Amino acid sequence: MAERALTSEPPLLRVRQLTKQFGGLMAVDHVDFELHPGEILGLIGPNGAGKTTIFNMITGFYSPSTGEITFKEQCIARPAAAGWARLRGEQAPRPHRITQQGIARTFQTIRLFKNLTALENVMAGLHHRTKAGVWQALTRSASQRAEEASIVAEAERWLNFMGLHAYRNELAKNLPYGDQRRLEIARALATRPALLTLDEPAAGLNEQETIALVALIREIRDTGITVLLIEHDMKMVMELCERIVVVDHGRKIAEGTPAEVQRNAAVIEAYLGVEEG
Amino acid sequence: MNLSWLSRFRERPWLWQSGLILFAILLPLPLGDYYRTVAWRTVLYIMLGLSLNLIVGYAGLFQLGHAAFYALGAYTAAILNLQLGIPLFWTFPASILVAALFGFLITRPILHLRGDYLAIVTIAFGEVVRLALVNNIFGITGGANGLSGIARPRLLGLEFRQPIYHYYLVLFFLLITIFAMRRLENSRLGRAWLYVREDETAAEAMGINTTQVKLLAFVLGSGWAGLAGALYAARITVISPDLARFMESVVMFCIVVLGGTGSIPGVFIGALGMVTLPELFRPLKDWRDAWLGVTMVVMMIARPEGLWPSRRVQLELQESEAPHG
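Bear in mind that the values here come from a model prediction, so they are computed numbers and not experimental data.

The rules behind the values
- Residues numbered from 1 in each chain as written.
- Chains lettered and ligands numbered in written order.
- Predicted model: local features only at pLDDT ≥ 70, side-chain atom pairs only at ≥ 80, totals over all residues.
- Heavy atoms only, no water.
- Pairing = 2+ DSSP bridges.
- Helix = DSSP H or I, 4+ residues; strand = E, 2+ residues; numbered from the N terminus.
- Axes fitted to C-alpha atoms, helices over the stretch in contact; angles between N-to-C directions.
- Contact = heavy atoms within 4.5 Å.
- Patch = residues over 30% accessible without salt bridge, like charges linked within 9 Å, V, L, I, M, F, W, Y side chains within 5 Å.
- Areas by Shrake-Rupley, 256 points an atom, 1.4 Å probe, with all protein chains shown as cover.
- Salt bridge = Lys/Arg side-chain N within 4 Å of Asp/Glu carboxyl O.
- Buried < 20%, exposed > 50% of the residue type's maximum accessible area, 1.4 Å probe, protein only.
- Right-handed = clockwise from strand over helix to strand, strands pointing away.
- Parallel < 35°, antiparallel > 145°, perpendicular 65-115°, else oblique.
- Left-handed = near helix turned anticlockwise from the far one by under 90°.
- Nonpolar A, V, L, I, M, F, W, Y, C, P; charged D, E, K, R; others polar.
- Phe/Tyr/Trp six-rings, centres within 6.5 Å; stacked < 30°, edge-to-face > 60°.
- Lys NZ or Arg CZ within 6 Å of the ring centre and 35° of its normal.
- pLDDT = per-residue confidence, 0-100.

Asks: Whenever I open this one, the sheet that holds strand β3 (residues 40-44) of chain A confuses me. Can you help?
Replies: Strand pairing in a sheet relies on backbone hydrogen bonds. The paired strands run either parallel or antiparallel. All names here are of chain A. The mixed open sheet is built from six strands, whose spatial order is β6-β7-β8-β3-β9-β10. Looking at which strands have only one partner, the edges of the open sheet turn out to be β6 (103-105) and β10 (251-256). Averaged over all pairs of adjacent strands, the angle between their axes in this sheet comes to 20°, without regard to strand direction. In the sheet, strand β9 (residues 243-248) pairs with β10 via five bridges, with the strands oriented antiparallel. The residue bridging D248 from the neighbouring strand is R251, located in β10. Docked against the sheet, helix α8 (residues 177-189) engages β6 and β7 (195-199), running at close to 155° with respect to β7.

Asks: Would you mind showing me how to read a nonpolar patch on the surface here?
Replies: Residue and element names in this part refer to chain B. On the surface, Y34, Y35, L277, L280, F281, L284, W287 and W291 cluster together into a nonpolar patch covering about 860 Å² of accessible area. Going through the elements one at a time, α3 (33-58), α12 (264-280) and α13 (285-302) are the ones with two or more residues in the nonpolar patch. With respect to the helices and strands, the residue F281 is situated in the loop between α12 and α13.

Asks: I keep staring at the sheet that holds strand β5 (residues 74-77) of chain A and nothing clicks. Help me out?
Replies: All names here are of chain A. Spatially, the four strands line up as an open sheet ordered β2-β1-β4-β5, and their pairing is antiparallel. Each edge of the sheet is formed by a strand with only one pairing partner; in this case those strands are β2 (25-35) and β5. Each adjacent strand pair in this sheet contributes to an overall mean axis angle of 30°, direction not counted. Relative to strand β4 (residues 66-71), strand β1 (residues 13-22) is paired through five bridges, and the arrangement is antiparallel. Paired with R16 across the strands is E68, a residue of β4.

Asks: Before we go on, may I ask you to explain the pairing of β7 of chain A in this structure?
Replies: On any regular strand, side chains alternate: one points to one face of the sheet, the next to the other face. Residue and element names in this part refer to chain A. Counting buried residues along β7, five of its five residues qualify, which places the element largely inside the surrounding structure. Where burial is concerned, the two faces of β7 agree: the one with L195, T197 and D199 and the one with L196 and L198 are both buried. Across three bridges, the pairing between β6 and β7 is parallel. Bridge pairing links A104 to L196 in β7. Here β7 pairs with strand β8 (residues 226-230) via five bridges, running parallel. Paired with L195 across the bridge in β8 is T226. The parallel pair β7 and β8 is bridged by helix α9 (residues 207-222), and the resulting crossover is right-handed.

Asks: Just checking my understanding: could you explain the packing of helix α4 (residues 67-84) of chain B against helix α5 (residues 88-107) of chain B for this structure?
Replies: All names here are of chain B. Where α4 meets α5, the closest approach of the two axes is 8 Å, and the angle between their N-to-C directions is 140°. In terms of axis orientation, α4 runs oblique to α5. Like other packed secondary-structure pairs, α4 and α5 cross with a definite hand, here right-handed. In this structure, α4 contributes F69, L72, G73, T76, A77, L80 and N81 to the contact, and α5 contributes L88, T91, A94, S95, V98, A99, F102 and G103. Residue composition of the contact of α4 with α5, grouped by class: nine nonpolar, six polar and no charged.

Asks: Would you mind showing me how to read the packing of aromatic side chains here?
Replies: The geometry of an aromatic ring pair comes down to the distance between the two centres and the angle between the two planes. All chains considered together, the criterion is met by 16 aromatic pairs over all chains. Through successive ring pairs, a cluster of aromatic residues spans F89, F92, F160, Y165, F172 and F173 of chain B. The side chain of R111 of chain A reaches across the aromatic face of F107 of chain A, ending 5.6 Å from its centre. Above the face of the W40 of chain B ring, R235 of chain B is positioned so that its terminal group lies 5.3 Å from the ring centre.

Asks: In this structure, what is going on with the environment of N81 of chain B? I would like to understand it.
Replies: All names here are of chain B. Counting through the fold element by element, N81 comes out in helix α4. The buried category is assigned to N81, whose relative accessible area is 8%. With 212 residues separating them in the primary sequence, N81 and G293 have C-alpha atoms 39 Å apart. Discounting residues that sit within four places of it in the chain, N81 has contacts with I86, P87, L88, T91, I150 and A151.

Asks: Teacher, can you tell me more about the confidence of the model for chain B here?
Replies: Do not read the fine detail of predicted coordinates wherever pLDDT is low. Of the residues in chain B, 94% have a pLDDT of 70 or more, and the chain-wide mean is 86. Here the prediction assigns the complex a pTM of 0.86, and the interface score ipTM is 0.87.

Asks: Looking at this structure, I do not really get the pattern of salt bridges. What am I missing?
Replies: Pairs may arise between side chains of opposite charge once their charged atoms sit close together. Residue and element names in this part refer to chain A. Per the stated rule, a full pass over the model turns up 22 salt bridges over all chains. One salt bridge in this structure joins R243 and E39, with 2.8 Å as the shortest N-O distance. You can see R243 sitting in strand β9 and its partner E39 sitting in the loop between β2 and β3, a full 204 residues away along the chain. E39 shares its class with R243; the two are buried. Salt-bridge contacts for K252 lead to E255; the nearest nitrogen and oxygen are separated by 2.5 Å. In this structure K252 comes out as partly exposed when scored by relative accessible area, which is 31%.

Asks: In this structure, what is going on with helix α8 (residues 188-198) of chain B? I would like to understand it.
Replies: An α-helix turns once per 3.6 residues; consequently, residues spaced three or four apart project the same way. Among the eleven residues of α8 of chain B, eleven are classified as buried, and the element is accordingly described as predominantly covered. Along α8 of chain B, the residues classified as buried are R188, L189, G190, R191, A192, W193, L194, Y195, V196, R197 and E198 of chain B.

Structure representation (structure tokens):
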């Protein structure tokens, strides 16, 4: 971790003083962290610590109450504008804009297009990088057909990459649970992200599947994609992540390498408190 | 043996498709003018059903004010013809554009609404259009009596007077509509509608601008309804605010939903059931609405996916009925 932090390369993602208030509840309370290109960062914490809320702010599903998120040195999330500012269009970017800028996500509870085939699911990720509109659809021009063919070809490549090609024409809901999780990752990868954010990718997987997933996430990182991971499975996080940010009750309580975090008194207390209480 | 006969048809879709087109072309020949008009009405409502299917079926958005756009198309054609003397065929593009433009203006601010809320706003909009027409807005809509004396369309010196000409005219546009719908269905845009209908949140997370995609469905569907309105004005030459009645919108909605949401053959069946049958049984007219009510209740219980549903909608409905784990 140390050598990465010292390089002059600017962080890919910077979260600054990020806060989210739901009524009287401080779900996220002035959290700061940075994500450097090419690393695998784990965001962990007991249930209800605010992990998924942070996640939803990064991916544009919530806008922060205060604070700011920058991605590739561009602001991607700031507090939602109210009144005139809102009418002038100064709104927080919507999720699709964030995906277009290069952050792809998966969901904690799988959200595949259940009644579409695996291939069609992955093709969804290619939508924003292709452009055929109404006219091209009606005339079915040569460029439209070429684009359709390239969409299918690339979607198949991602299915292959995730080892799902056998399910090409199978409806997503008929896939085994573990493969549904992989399909969701394939779909996210098809958007060609610079940052892949995974919301509890190992939830519900057995040990073998988890091991395979760890190898896969490494492989994804080796293709140059930065990974942000929320996870409950401690063993997996410790093994996979180079750096870990720990949150509890909406606050960041620790940050460091897996070894550092494991030794941290605040972290031990947060986790033991949960396990015994 | 029977099966191989069927599969032969399935392998060569052009076989039954051209058969169907041939049937549609020959259909009015042995009929009298009354039944030719019934056939014309049926084809027109299939077109309207297909335009609404784009919104309700493909994009999965409730539109209960579709008749407003139908009326806007008819009034645009009529006003251009009566006030500026533009030949009717030349008014068609304007009818499409005006209906599409209103589709854009009306739905842009309400697109974030979901399901039932969207339905309520679209009902309200339908009524606003009807009342604006009744109140002779800008002094050009003729008030409650509507507009009359629209010049019959002419093409190559041929005046479209007999019902059979108008039948072929709408049939021509219906064929174009079907062709266009099928192409849209199997395109990048068609898939985007599917994604939105399946899971809007996930579609958004995939980088799909869901607002834009939904707006496009509304604009295209509205424009198409505008064209149907212009075709109506061309045939009837007298139009009134009744075109925008809520009941009209309901009939269109039922054509799509009873026939089978999202399915082109479903719209055909829906139009036959909602438009043709009631016309053929005119003597029983008083019973028509009662029959409609009963049919609807029975359908919703026995076959909520419609008579000829698209395979996907069928799957989605089964999904929502299954208990969630």
